[in-house]
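Chain and residue survey
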Amino acid sequence: MRKNKEIAKDMTEGPVLKQLAAFAGPVALANALQAVYSMVDMVVVGQFVGSGGLSAVGIGGQIMFVMLAFGMGFGVGAQVLLSQQVGAKDKDLQPTIGTLFTLELIGAVVIGLLGIVGCPLLLGLMNTPAEALPDATAYTIICSCGMLFIFGYNAVCAILRGMGESKLPTIFIAVASVVNLVLDLVFVAGLHMSAAGAALATVIAQGISFVIAIVYLYRNREQFGFDFKLRSFKPSPEHLKPIVKVGIPYIAQMLMITCSMMFVNAQVNKYGVVASAVDSIGNKLNSVVNIVIGAVAMAGATMMGQCFGARKLDRVKQVYRACTAVCMISFVIVAAAYLLLPRQIFRLFSADPDVIDMSPLYLRVGVVWVLSMATMTAPYTVIDGVGHAMLGLVISIADGVVARIGLCILLGHFLGLPGYWLGNALAGFVTTIMAGAYYYSGRWKTRRLLLEKEQEPA
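The present account deals with the structure reproduced in this document. Note that the coordinates shown come from a computational prediction; the quantities given were computed from them, not determined experimentally. (Residues numbered from 1 in each chain as written. Predicted model: local features only at pLDDT ≥ 70, side-chain atom pairs only at ≥ 80, totals over all residues. Heavy atoms only, no water.)

**A short note on the overall build of the chain**
Put simply, the rule reads: Here a helix means four or more residues in a row that DSSP labels H or I, a strand means two or more in a row labelled E, and each is numbered from the N terminus. Using C-alpha atoms as the atom set, the radius of gyration is obtained and then compared with a globule rule of 2.2 Å times the number of residues to the power 0.38. By the convention used here, residues are in contact when the closest approach between their heavy atoms is within 4.5 Å. We score Asp and Glu as negative and Lys and Arg as positive, and we do not count His or the chain ends. Charge coordinates come from a single atom per side chain, which is NZ of Lys, CZ of Arg, CG of Asp or CD of Glu.
Assigned secondary structure in the chain consists of 17 helices and zero strands. The C-alpha atoms of the chain give a radius of gyration of 21 Å, which matches the 23 Å a tight globule of 458 residues would have. Expressed as lengths along the three principal axes of its C-alpha atoms, the size of the chain is roughly 60 × 45 × 35 Å. Restricting the contact set of the chain to residue pairs at least 6 apart, pairs at least 24 apart contribute 81%. Averaging the coordinates of the 32 positive side-chain charges in the chain and doing the same for the 24 negative ones gives two points 8 Å apart.

This is the structure:
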């Protein structure tokens, strides 16, 4: 396993901000490409299909995100475990990698089938506008059929990033972005396939990216630390336990937060196709915000996981401060763009004058949402880094179920449409407060590593 060091990177030494930037930079680029990858569907559909198509892609995308929670949850579990193993100088990473691959394969098959069978029910729960229902149905079913590629790619990225490697995932997603752009223009603009064309472009692009990633890693299997032999895919009970222990609560919290956001979107959809289109564009803009903030969160969690594995607790604090600084700078930049250029931003997605007229209202509330994201990131990376998924679950209940739904019902009753957006934005500060309290309490310092025999509560 000595050659494994060529991919796995030790992030427990050296200047903190420099290492954070070195890891977060490629992740931010990958997030930017992912955002472009996602927004291309919206832009092409918006320009060539109209508001009904925008609504369909937005609603279908929200359902896909819920389904992806399962793949992402186990990926996060493996990523945290791998980061702690690398920090603790544990060279035997193969059992963790093989276990994750098998989990993701099973999950992709099950979730894909559920998406196909349950599509009518899910779209009904989302109060999908009648004009968008046929396209939303096609989008959801096609994406469900490609779940194997989506889950597989997620597994590869989680493994590499857990090992401290962020450049390779960026290359893989760059390939997918280019392919997706070309196929969107062919299927939607050229062949007039509407939202179905956008979904097909996404699945094919993700499939090509996944195949390229697997071929590359197989050819470099010694450096990767996984031999790809059939027996190596057999789940290891010792490694399965911590992956599931972190993954299941993470899945639950993602589902609760996402479903609560879908509740908000469903209420917004009652206001008609224009409001639904504005909401769909807003959700895509949120993915743009996560280009930097999400990259900092991922880089911070990996660095903290390695530092925690190496028991360098003071360095964890340094990573916390660096994450906070970068996120707040990002907030100032995004807030300025939202407040000064709302109509110009929305014109990138739609030519509908009613949609554009609603953009200043949406983005004023969006500033509040961005602030909540910027302030919650650093403290929550501590929870991710030490693998305290149960605390994350508790916070998600408070954020997603209690605060988000409660505030949306309350503010929606008094303020109407803007109240639902404001309630969604304000709910994020619950995570900021609870995660921040955990960090400043210092109780995270008493956690044990995920592969240690006993896990004492913190």
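Moving on from the model shown.
**Describing the packing of aromatic side chains**
Let me state the cut-off plainly: What counts as a ring pair is set by centres within 6.5 Å for rings of Phe, Tyr and Trp (its six-membered ring), and what kind of pair is set by the plane angle: stacked under 30 degrees, edge-to-face over 60, tilted for all other angles. Counting as a charge over the ring demands two things of the Lys NZ or Arg CZ atom: a distance within 6 Å of the ring centre and an angle within 35 degrees of the ring normal.
Under the counting rule described, the total for this entry stands at 15 aromatic pairs. With 6.0 Å between their ring centres and 40° between their planes, Phe-101 and Phe-233 make a pair best called tilted. Residue Phe-101 is found in helix 3 (residues 94-117), and its partner Phe-233 is found in the loop between helix 9 (221-224) and helix 10 (237-269); the two are separated by 132 residues along the sequence. Aromatic rings pair up to connect Phe-101, Tyr-218, Phe-226, Phe-228 and Phe-233 into one cluster. The residue whose ring lies beneath Arg-311 is Phe-308, and the NZ or CZ to ring-centre distance is 4.7 Å.

**Considerations on the nonpolar core**
What counts here: Side-chain atoms within 4.5 Å are what join buried Ala, Val, Leu, Ile, Met, Phe, Trp, Tyr and Cys residues into a set we call a nonpolar core. Burial classification: accessible surface area is computed with a 1.4 Å probe over protein chains only, and a residue below 20% of its type maximum counts as buried, one above 50% as exposed, and the rest as partly exposed.
Among the nonpolar cores identified, the biggest contains 71 residues, and Ile-63, Phe-101, Tyr-139, Val-156, Ile-159 and Phe-224 are the most heavily contacted of them. Here this core gets 15 residues from one element, more than from any other, and that element is helix 2 (residues 51-87). Excluding residues that lie within four positions of it along the chain, Ile-63 makes contacts with Leu-122, Leu-123, Met-126, Thr-140 and Met-262. One finds Val-296, Tyr-380, Val-382 and Tyr-439 within the second-largest nonpolar core, a separate group that totals 67 residues.

**As for unusual backbone geometry**
Note on backbone geometry: most residues besides glycine have negative phi, and most peptide bonds are trans. Residue His-192 is not a glycine yet carries a positive backbone phi of 55°. Relative to the helices and strands, His-192 is located in the loop between helix 7 (167-190) and helix 8 (194-219). Located in the positive-phi region is Phe-228, a residue other than glycine, with phi close to 65°. The class of Phe-228 is buried, set by a relative accessible area of 16%.

**Concerning the environment of Leu-93**
Within the fold, Leu-93 resides in the loop between helix 2 and helix 3. Separated by twelve residues in the primary sequence, Leu-93 and Leu-81 place their C-alpha atoms 9.5 Å from one another.

**Describing helix 7**
The periodicity of an α-helix, 3.6 residues per turn, causes residues three or four positions apart to be oriented the same way. The criterion, for reference: Multiplying 1.5 Å by the helix residue count minus one yields the expected span of that helix.
The terminal C-alpha atoms of helix 7, which comprises 24 residues, lie 34 Å apart, in line with the 34 Å expected from a rise of 1.5 Å per residue. Immediately downstream of helix 7, the backbone of His-192 shows phi near 55°, a positive value.

**Comments concerning the packing of helix 6 (residues 147-162) against helix 8**
Our working rule: Fitted lines through C-alpha atoms serve as axes, helices being fitted only where they are in contact, and the angles separating the N-to-C directions of these axes extend from 0 to 180 degrees. Angle categories are assigned with fixed cut-offs, so that under 35 degrees is roughly parallel, over 145 is roughly antiparallel, 65 to 115 is roughly perpendicular, and the rest are oblique. Definitions for this section: a left-handed crossing has its near helix turned counterclockwise from the far helix by less than a right angle. A right-handed crossing has that turn clockwise.
Two elements in contact, helix 6 and helix 8, have axes separated by 8 Å at closest approach and are oriented at 45°. Here helix 8 runs oblique to helix 6, going by the angle between their axes. As helix 6 runs across helix 8, the sense of the crossing is left-handed. Contacts between helix 6 and helix 8 pair Phe-149, Ile-150, Gly-152, Tyr-153, Val-156 and Leu-160 from the former with Val-203, Gln-206, Gly-207, Ser-209, Phe-210, Ala-213, Ile-214 and Leu-217 from the latter.

**Some remarks on the pattern of salt bridges**
The following threshold applies: For this document, the term salt bridge refers to a Lys or Arg side-chain nitrogen within 4 Å of an Asp or Glu carboxyl oxygen.
Within this structure, the stated rule accounts for three salt bridges. Put simply, Lys-312 and Glu-13 hold a salt bridge, and the shortest N to O gap is 2.2 Å. Of this pair, Lys-312 sits in the loop between helix 11 (273-309) and helix 12 (313-340) while Glu-13 is found in the segment before helix 1 (16-48), placing the two residues 299 residues apart along the sequence. In this structure Glu-13 comes out as partly exposed when scored by relative accessible area, which is 46%.

**Description of the packing of helix 5 (residues 133-145) against helix 8**
For clarity, the threshold we go by: For this classification, Asp, Glu, Lys and Arg are treated as charged, while Ala, Val, Leu, Ile, Met, Phe, Trp, Tyr, Cys and Pro are nonpolar and the rest, including Gly, are polar.
Two elements in contact, helix 5 and helix 8, have axes whose closest approach is 7 Å; the angle formed by their N-to-C orientations is 15°. By the angle class used here, helix 5 and helix 8 are roughly parallel. Note on packing geometry: the crossing formed by helix 5 with helix 8 is right-handed. Counting all contacts with helix 5, which are made through Asp-135, Ala-138, Tyr-139, Ile-142 and Cys-143, the residues of helix 8 involved are Ser-194, Ala-195, Ala-196, Ala-198, Ala-199, Leu-200 and Val-203. Partitioned by chemical class, the residues of the contact of helix 5 with helix 8 number ten nonpolar, one polar and one charged.

**A word on the environment of Gly-164**
Looking at the secondary structure, you find Gly-164 in the loop between helix 6 and helix 7. Sequence separation between Gly-164 and Lys-317 is 153 residues, and the spatial gap between their C-alpha atoms is 19 Å. Apart from residues no more than four positions distant in its own chain, Gly-164 is found in contact with Lys-9, Met-11, Phe-23, Thr-302 and Gln-306.

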